[in-house]
2 protein chains.
Amino acid sequence: MSQKNNDSVSIIPLGGIGEIGKNMMLVEMNDEILVVDAGVKFPEEDLHGVDLVIPDISYLLRNRERVKGIVLTHGHEDHIGALPFILKKLNVPIYGTKLTLGLLREKLKSHNLLSRSYLRQVNPGNSTKVGSFKVDFIRVNHSIADACALAIHTPLGAIVYASDFKFDQTPIKGEMTDIHKFAELGDEGVLALFSDSTNVEREGYTNSERQVGQTLNNAFENANEKILVASFASNFHRIQQVFDMAVKYNRKVALSGRSMLNNVKIGRELGYFEVPDNLIIDINEINNFSPDKVVLLMTGSQGEPRAALTRMSRGDHRISLNKGDTVVVSATAIPGNAKAVGHTINQLFKQGANVIYEALSGVHVSGHASREELKLMLNLTRPKYFFPVHGEYRHLHLHADLAKKVGVLKNNIFLPDLGDRIVLTEDKGYTQGTVPAGRILVDGLGVGDVGSIVLRDRRLLSENGILMVVVTINSKGQVVAGPDIITRGFVYVRGSEKLINDATERVEKVLSKCEEKHITEWSVLKSKIRDALDSYLYRRTKRNPMIMPIIMEV
Amino acid sequence: MSQKNNDSVSIIPLGGIGEIGKNMMLVEMNDEILVVDAGVKFPEEDLHGVDLVIPDISYLLRNRERVKGIVLTHGHEDHIGALPFILKKLNVPIYGTKLTLGLLREKLKSHNLLSRSYLRQVNPGNSTKVGSFKVDFIRVNHSIADACALAIHTPLGAIVYASDFKFDQTPIKGEMTDIHKFAELGDEGVLALFSDSTNVEREGYTNSERQVGQTLNNAFENANEKILVASFASNFHRIQQVFDMAVKYNRKVALSGRSMLNNVKIGRELGYFEVPDNLIIDINEINNFSPDKVVLLMTGSQGEPRAALTRMSRGDHRISLNKGDTVVVSATAIPGNAKAVGHTINQLFKQGANVIYEALSGVHVSGHASREELKLMLNLTRPKYFFPVHGEYRHLHLHADLAKKVGVLKNNIFLPDLGDRIVLTEDKGYTQGTVPAGRILVDGLGVGDVGSIVLRDRRLLSENGILMVVVTINSKGQVVAGPDIITRGFVYVRGSEKLINDATERVEKVLSKCEEKHITEWSVLKSKIRDALDSYLYRRTKRNPMIMPIIMEV
C-alpha cells in the first residue's frame, strides 16, 4: 500500500472526522508517514464510566519505522491529549510551538514520559523538516495562544491543514492569523485544504476576543465586592485580559483550581503573560485585602463537579461566596455540559452573587471561524481538493456545501470515513482501501479493555439495576442453601418484600422441578431461573433488571 | 394553617419553580384549595432509569376535602402529565379548554381512569366557578392550541396565572393572546402575576409562528422528491401549516409515529384542523404516489430512539429514506436532547437527504415569550405582587430583575421554594410555613419506590459495574465452596484473568485467616472481603466497582 511515486500523496484521517475531538491525520508520501495532531475526545453519556477516547493507532504501530514524526497545531486536549498513550508505544519526535510543547511537557511529566520524549520547538512563521516533509507553521488566532496552521509541502502543491482558527482582526497580543501567508500559498498552488467545521452552523464572523474585554471592563467597573472569573485555563488571551482589568481597577489576582495554577505557571515561565510584580497573590493571602481589591481567577466554567467555581457554588471551597460578589463565567457551555453549567449558575445566583454569564452578555467569544471566515480561508488558499474536518457529519456536509459555493469542484471535496486512504494526484483524488481506525476507550488504567459488552452491562445496570439469585447445590443437584435473592439499584428494599418473596418462591419451584427431573447442568439451571423471573418481574414492575443466577456446588 | 380571613390568600407552589417542568401551584382562600396545573418533568440524566418525575401531593391528600378542583392552562405534558397519578388518589373535578381535555381524555383512557373522572370544559374568554373561586380562562398564544392564562378572582384583586405564553401578532388561526383582557385586569387591579420565565435569557420578541410558514414554503417549493417533516405532535398550528403547504404544492400527507397519529386524530375530531378530504392518506398507500406527491409528517424531532424519524434515519422504518428527499426538523432540541438530535441529523445527511434544521434556517420558533413580551405582560397587568415561574433559579432571578426594572417593588417579588406558603394581603406578602413538596419518581409501575439509595446504586453500577464474591461456608465457618468472583460492567473478562485470579487469592487468604480466628459472623466476613479488594482493585485498575460479598451457609 505504500507510495513509491512522487506524484501522489495519501491522506488517512484517524480522528476528528464525523466527530468533535480526537483529531489525528496522517500524510503519506514516498514511504514516509507524517502525523498531524493526536487528540483525545471526552466520552459521551452512553460511554458509562469511560474517562477518555483516543484514536486507534494500530496502523502506525505496524508501520512504525515509516513514521517520521508528529506535528502539533496547538495545545488543546483534542489535539495533544492522546500523546501520553501513543508515546508509550511509538516514540517519535514531536514538533510544536513553544506553548504547545510547554503544555505537553507538563502532561508527559505526569505520565513519567518526559525524559524519553523528543520535543522539537518550531516558531510560528518558521518551517521545519520532518523526514523529507517540509512543514511551515503558520500563525492563526484561536482560543489558545501559539496556535498554528500547517503547510505541508509536496511536489503537487502544499497541503494546508488549517486546524482550528478564526480571523481576529483585533487580537489581544497583536498577533493575527497570517493572512498573507495563506494568500501566498494560494498563489503558489494549494493541493488540499483541511479546515475547521466547528462553527459552520454560524452565520457571519466570530467576534473578536477584544469584545470580551469590554464586558469584563463593565463588570469590574460596577463591582463593589470581590470578583470571581471562571475561564478555560488554556485561554491565555482571556486570562491576560483579566490581569489587565485587575491592574486597571487596582485589584490583586488569586488563582484557584489545579489547571489554572499549572497553566498560569507555564505561561509565565514561557513569557506569555504581562503581569506586574505583586499582581498575583496566593489564595491564602486573600483575606489580607478588602473584597473590592481582589479577583479570583478559577476553573469551573464547565460546571465540572470538582472544579473551583463549582465547589464554591455549593459552599465547598476555602473562599466563601458572599452576597454582592460578582461572578463572571467567561466561557460557553460545551454541548453536554449545559445542564451542569446551568446548575452552577443557579447556585451562584441563589447565594446572592451577581452572575454574568453567556446569556445576555458578551462574556465569551468562540475560538472558531464562522461561515464568512471559512469562506475567506477557502478563497485565500484556493485549494484543488478540500477536506472539511473537525465536525460531526452535518458540520462537514454544510462545510462541503460552502466550499462548492466558493468554487471548489464537487468531485474534489472529500468526506472520508476514519481510516479511509485518500490518494491525491495531479488530476484526481480517490479512495484506495482503508486502515484500522476507530475509538479506543480509556477507563482508569485500562486502555482498550472496555468494549461493547462491558458498556452494554453498565447501561443495563444503570437503568434497572441487578437482581442476583444465589443457590448452593450438592453433587446430586439438591439445593442445600438458598435460593436467596439480592438486588441493587432495582427496587427500594423496604416495601418490596412481597415482590422478592414471590420471586424467591418461583425460583424454589423451578429448582425443585429440576431436582425431580435430575437436571443438574448449571447452564440449564441458570436459564430456567432467568426464564422464571424475566417476564414475571417485568409484569410486576415494568422494569428489566439484569438477572444474575449464581450457583455454587458443595 | 387554613385561611379564615377574606383579606388574605395563600399561594403554595408544588412544582415549576427552580426547575423546568412538573408545574403545579395551589391557591388557598377561605379554607378552599384550587390547584393550577399538574405536570410531569422528564428526568435528568442523573435519575438513571427513571421514567417521569411528578410533584409530591401529600399536602393535598391530607386536605382532600378542601380541594375544589384542578384548573389546567394547556395540554402540554408539563402541565397535565401528572394527572393520571394524582387522580388515582384524589378524584376532583378538572377544568380546561376543549383541546386540553381532549388530550387528557386520551391519557386517562390509557390509565383506565376516564370513566371515573370529572372533566369540565371551559372556552377561552369564559369564566367558571370552582368552589367559590371564580376563574377566567384567557386565550394566549403558545406552541399548542387552546392555551389559556387564568385570572383567579379574590377580594384583593385578581391573581393572573399567565402560564406559558407569547404575544404572536400574526397567529395562524387568527386567535391572538387576549391583550385587552390583560389590560382590563390591570385596570381593575391585579393582586399577583405568575409569569413564564423560560425565555427570559432571550432579548427582544419571539418570532411569529408564521415565520415557519415561509421556511416551509421554500422547502416545499424546492423539493423534487418526498418531504418528511418532524414536529412536536401537540403543535397543531405547525401541523396545520404543513397541511396547508401540502395542499398548496399538491402533495398527500401520511402520518407516522404513535403520538402524531393520536394527536391528529384528536385534533380532527375536535375540529382543530382544516383538512380537505383525501389529503391525509394511510402510510401504506404512500407507494401509490410518486415521491414528489407526498409528505410524511412524523415524530422524532427530539431524536427519541424509537420515534419515526429516528428509526428512518437508521433505516429501521417501513418507509425508506432516499437520496434527494427533503427532511424538515421543525423543532428545537430541548436541552439534554441536543446530542441525540444532532446524531439523527448526521445520519439523515449521510443518507443523502437535504436536511433543513434549526441551524441556519427559520424552521422553528419558540412558544415562549422573550424579554420584551415579558415586560409587556408585566406592564399590561401591573401586578402588586410578582412571582416568576417556570424556570430554573437563574431564569427566575433574571425575570425578577426584569420586573424590578418595569416598576414592581423589590419586596413584592417572590422567589419561593417549593412548598413555601406565601400569604398575600392588602399590604404585604410573607412566607408562613411550608408544606411537603418535592419530587416523586416514577419508574415502570413504581411510583415513589425509587429513592436516593436505588439511584446511588444505579450510578455506581453505571460507572464501574459490579464485582460479586460468592462463598459458601459451613456452620463452623469453613469454606466449602468458592470463593468465586463474577463481574459485570467492570472489565472485559478476556484479558482480565490474572486480575481476577489475584483478587480471588486475596479473598481466600482473608477467609482462611478468619477461619483460623474462628470469625464466623457474616457482617465481619463481608467487610473483610470488601477491605481486601477495595483499594487493591483501585490500585490495579483505577476503577471502583461495587463490591458485593455474598455468603451462603450450608
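Conventions and cut-offs
- Residues numbered from 1 in each chain as written.
- Chains lettered and ligands numbered in written order.
- Predicted model: local features only at pLDDT ≥ 70, side-chain atom pairs only at ≥ 80, totals over all residues.
- Heavy atoms only, no water.
- Helix = DSSP H or I, 4+ residues; strand = E, 2+ residues; numbered from the N terminus.
- Buried < 20%, exposed > 50% of the residue type's maximum accessible area, 1.4 Å probe, protein only.
- Contact = heavy atoms within 4.5 Å.
- Areas by Shrake-Rupley, 256 points an atom, 1.4 Å probe, with all protein chains shown as cover.
- Expected span 1.5 Å × (residues − 1).
- Pairing = 2+ DSSP bridges.
- UniProt positions renumbered as here; feature names shortened; annotations may be inferred.
- Polar contact = N/O pair within 3.5 Å; in protein donor to acceptor, adjacent residues only side chain to side chain.
- Least-squares fit on C-alpha atoms with pLDDT ≥ 70 in both.
- Salt bridge = Lys/Arg side-chain N within 4 Å of Asp/Glu carboxyl O.
- Buried area = accessible area lost by both parts, 1.4 Å probe.
- Phe/Tyr/Trp six-rings, centres within 6.5 Å; stacked < 30°, edge-to-face > 60°.
- Lys NZ or Arg CZ within 6 Å of the ring centre and 35° of its normal.
- Axes fitted to C-alpha atoms, helices over the stretch in contact; angles between N-to-C directions.
- Parallel < 35°, antiparallel > 145°, perpendicular 65-115°, else oblique.
- Left-handed = near helix turned anticlockwise from the far one by under 90°.
- Lys, Arg positive; Asp, Glu negative; His and termini not counted.
- Domains from an automatic or database assignment.
- Nonpolar A, V, L, I, M, F, W, Y, C, P; charged D, E, K, R; others polar.

Chemist: Even after reading the chapter, I still don't get the overall build of chain A, so can you show me in this structure?
Modeler: For chain A, the helix and strand inventory stands at 15 helices and 26 strands. Taken over the C-alpha atoms alone, chain A extends approximately 90 × 70 × 45 Å along its principal axes. Looking at chain A as a whole, 58% of its 554 residues qualify as buried. The long-range fraction of contacts in chain A, counting pairs at least 24 apart against all pairs at least 6 apart in sequence, stands at 72%. Summing over all exposed atoms, chain A offers an accessible surface of approximately 22,200 Å²; the carbon and sulfur share of this is 46%.

Chemist: Explain helix α12 (residues 393-406) of chain A here, please?
Modeler: Because the α-helix completes a turn every 3.6 residues, residues three or four places apart line up on one side. In this model α12 of chain A runs 20 Å from its N-terminal to its C-terminal C-alpha over 14 residues, within 8% of the 20 Å that 1.5 Å per residue would give. With 10 of 14 residues buried, α12 of chain A lies mostly within the body of the structure. Along α12 of chain A, the positions that sit buried rather than exposed are Tyr393, Arg394, His395, Leu396, His397, Leu398, His399, Ala400, Leu402 and Ala403 of chain A. In this structure, the buried residues of α12 of chain A make contact with β12 (190-196), α11 (371-381) and β19 (385-389) of chain A together with α10 (338-350) of chain B. Just beyond α12 of chain A, the residue with positive phi is Gly407 of chain A, at close to 120°.

Chemist: Looking at this structure, how should I read the sheet that holds strand β4 (residues 52-55) of chain A?
Modeler: Strands pair in a sheet through their backbones, by hydrogen bonds, and they do so in one of two ways: parallel or antiparallel. Residues and elements named next belong to chain A. If you trace the three strands from one edge of the open sheet to the other, you get β4-β22-β23, paired in antiparallel fashion. In this open sheet, the two strands that pair with only one neighbour each are β4 and β23 (446-447). By the bridge criterion, two bridges tie strand β22 (residues 439-443) to β23 in an arrangement that is antiparallel. Each bridged residue has a counterpart across the sheet, and for Asp443 the counterpart in β23 is Gly446.

Chemist: In this structure, what is going on with the UniProt feature "active site" (unreviewed entry) in chain A? I would like to understand it.
Modeler: All names here are of chain A. When the UniProt feature table is mapped onto this chain numbering, "active site" (unreviewed entry) sits at Asp196 and His368. Look at the named residues: they lie 173 residues apart in sequence, but the longest C-alpha span between them is just 7.5 Å, so in the fold they bunch up. Along the chain, Asp196 falls in strand β12. Asp196 gets classed as buried once you look at its relative accessible area, which sits at 0%. The residues touching Asp196, leaving out its near neighbours within four places in the chain, are Ser163, Asp164, Phe165, His368, Ala369, Leu374, Val389, His390 and His399. Within the structure, the side chain of Asp196 is placed 2.6 Å from the side chain of Thr198, a separation counted as a polar contact. By the secondary structure assignment, His368 is in the loop between β18 (354-356) and α11. Excluding residues within four positions of it along the chain, His368 makes contact with His142, Asp164, Phe165, Lys166, Asp196, Thr198, Asn199 and Thr206. Side-chain polar atoms of His368 contact the side chain of Thr198, separated by 3.4 Å.

Chemist: So what exactly am I meant to see when it comes to the relation of the copies chain A and chain B here?
Modeler: What relates the pair of chain copies is a rotation about an axis plus a shift along that axis. In screw terms, the move from chain A to chain B is a rotation of 180° and a rise of 0.0 Å along the axis, fitting with an RMSD of 0.0 Å. A rotation of that kind, with that shift, is consistent with a two-fold axis. When C-alpha positions in chain A are compared against the rotation axis, the closest is assigned to Ser462 of chain A, at 2.3 Å. When the interface residues of chain A are mapped onto chain B, 100% of them are again interface residues, pointing to one common binding face.

Chemist: Sorry if this is basic, but what is going on with the pattern of salt bridges here?
Modeler: A side chain of one charge can pair with a side chain of the opposite charge if their charged atoms are brought near each other. Residue and element names in this part refer to chain A. Counted according to the given criterion, the structure contains 56 salt bridges over all chains. Lys107 is the salt-bridge partner of Glu77, the closest N and O atoms lying 2.6 Å from each other. With Glu77 in helix α2 (residues 77-80) and Lys107 in helix α4 (residues 98-110), this pair connects stretches of sequence that are 30 residues apart. Two residues, Asp187 and Arg382, come together in a salt bridge whose shortest N-O distance is 2.8 Å. Pair noted here: Asp187 is in helix α5 (residues 179-188) and Arg382 is in the loop between α11 and β19, with a separation of 195 residues, a long-range link. Each member of the pair Asp187 and Arg382 is classed as exposed.

Chemist: Would you mind going over the interface of chain A and chain B with me for this structure?
Modeler: A common way to express how large an interface is: the accessible area buried when the components associate. With 67 residues of chain A at the contact, the number on the chain B side is 67 residues. In this assembly, chain A packs against chain B so that about 5,500 Å² is buried in total across both faces, 65% of it on carbon and sulfur atoms. On the chain A side of the contact with chain B, Lys339, Leu360 and Met552 of chain A bury the most area, a combined 12% of that side's loss. There are six salt bridges connecting chain A and chain B. Counting the contacts that link chain A with chain B gives 25 residue pairs in polar contact (both at pLDDT 80 or more). Those elements that place two or more of their residues in the side of chain A that touches chain B are α10 (338-350), α12, α13 (452-464), β24 (466-473), β25 (479-488), α15 (522-541) and β26 (546-553) of chain A. The element contributing the most residues to the side of chain A that touches chain B is α13 of chain A, with eight residues.

Chemist: Whenever I open this one, the packing of aromatic side chains confuses me. Can you help?
Modeler: The geometry of two aromatic rings is summed up by the distance between their centres and the angle between their planes. Residues and elements named next belong to chain A. Within the structure shown, the criterion is met by 20 aromatic pairs over all chains. When the ring of Phe236 is compared with that of Phe273, the centres are 4.7 Å apart and the planes differ by 40°; the resulting orientation is tilted. Here the residue Phe236 occupies a position in helix α7 (residues 236-248), and Phe273 occupies one in the loop between α8 (258-269) and β15 (280-281), the gap between them amounting to 37 residues. The class of Phe236 is buried, set by a relative accessible area of 2%. The buried category is assigned to Phe273, whose relative accessible area is 10%. Ring pairs connect the aromatic residues Tyr161, Phe194, Tyr385, Phe387 and Phe414, which therefore count as one cluster. The ring of Tyr430 is capped by Lys428, whose NZ or CZ atom sits 5.2 Å from the centre of that ring.

Chemist: I keep staring at the packing of helix α14 (residues 497-516) of chain A against α15 of chain A and nothing clicks. Help me out?
Modeler: The relative placement of two packed helices is expressed as an angle between their axes plus a distance between the axes. All names here are of chain A. Interaxial distance between α14 and α15 falls to 10 Å at its minimum, and their mutual angle equals 150°. On the basis of the axis angle, α14 is roughly antiparallel to α15. Here α14 runs over α15; the crossing is right-handed. Of the residues in α15, those touching α14 at Lys498, Leu499, Asp502, Ala503, Arg506, Val507, Val510, Leu511 and Cys514 are Leu525, Lys528, Ile529, Ala532, Leu533, Tyr536, Leu537, Arg540 and Thr541.

Chemist: Teacher, can you tell me more about the side chain of Glu373 of chain A here?
Modeler: Residues and elements named next belong to chain A. Looking at the element boundaries, Glu373 is found in helix α11. Of the side chains bearing the opposite charge, Lys166 lies closest to the buried Glu373, which forms no salt bridge; the N-O distance is 6.4 Å. A polar contact is formed between the side chain of Glu373 and the backbone nitrogen of Phe167, at a distance of 2.9 Å. Apart from the residues lying within four places of it in its own chain, the contact partners of Glu373 are Phe165, Lys166, Phe167, Gly204, Tyr205 and Thr206.

Chemist: Can you help me understand the environment of Ile54 of chain B in this one?
Modeler: Residue and element names in this part refer to chain B. Tracing the sequence through the fold places Ile54 in strand β4 (residues 52-55). Given the relative accessible area of 5%, Ile54 is considered buried. Along the chain, Ile54 and Met29 lie 25 residues apart, while their C-alpha atoms are 25 Å from each other. For Ile54, the contacting residues outside a window of four places in its chain are Lys22, Val40, Ala82, Phe85, Gly438, Arg439, Ile440, Val442 and Val447.

Chemist: Can you help me understand the domain arrangement of chain A in this one?
Modeler: Residues and elements named next belong to chain A. Here the domain parsing of chain A yields domain 1 (8-204 + 366-443), domain 2 (210-356) and domain 3 (452-553). Contact with domain 1, which involves eight residues of that partner, is made by four residues of domain 3. For the domain 1 face of the interface with domain 3, the top three residues by lost area are His48, Leu441 and Asp443, together amounting to 78%. On inspection of domain 1 and its partner domain 3, the count reaches two residue pairs in polar contact (both at pLDDT 80 or more). Of the residues contributing to the side of domain 1 that touches domain 3, the split by class is three nonpolar, two polar and three charged.

Chemist: What should I look at first to understand the packing of helix α7 (residues 236-248) of chain B against helix α8 (residues 258-269) of chain B in this one?
Modeler: Residues and elements named next belong to chain B. Here α7 crosses α8 at 90°, and the two axes come no closer than 12 Å. With respect to α8, the element α7 is oriented roughly perpendicular. Counted together, Phe236, Ile239 and Phe243 of α7 and Met260, Asn263, Val264 and Gly267 of α8 form the full contact between these two elements. Its residues assigned to classes, the contact of α7 with α8 shows five nonpolar, two polar and no charged.

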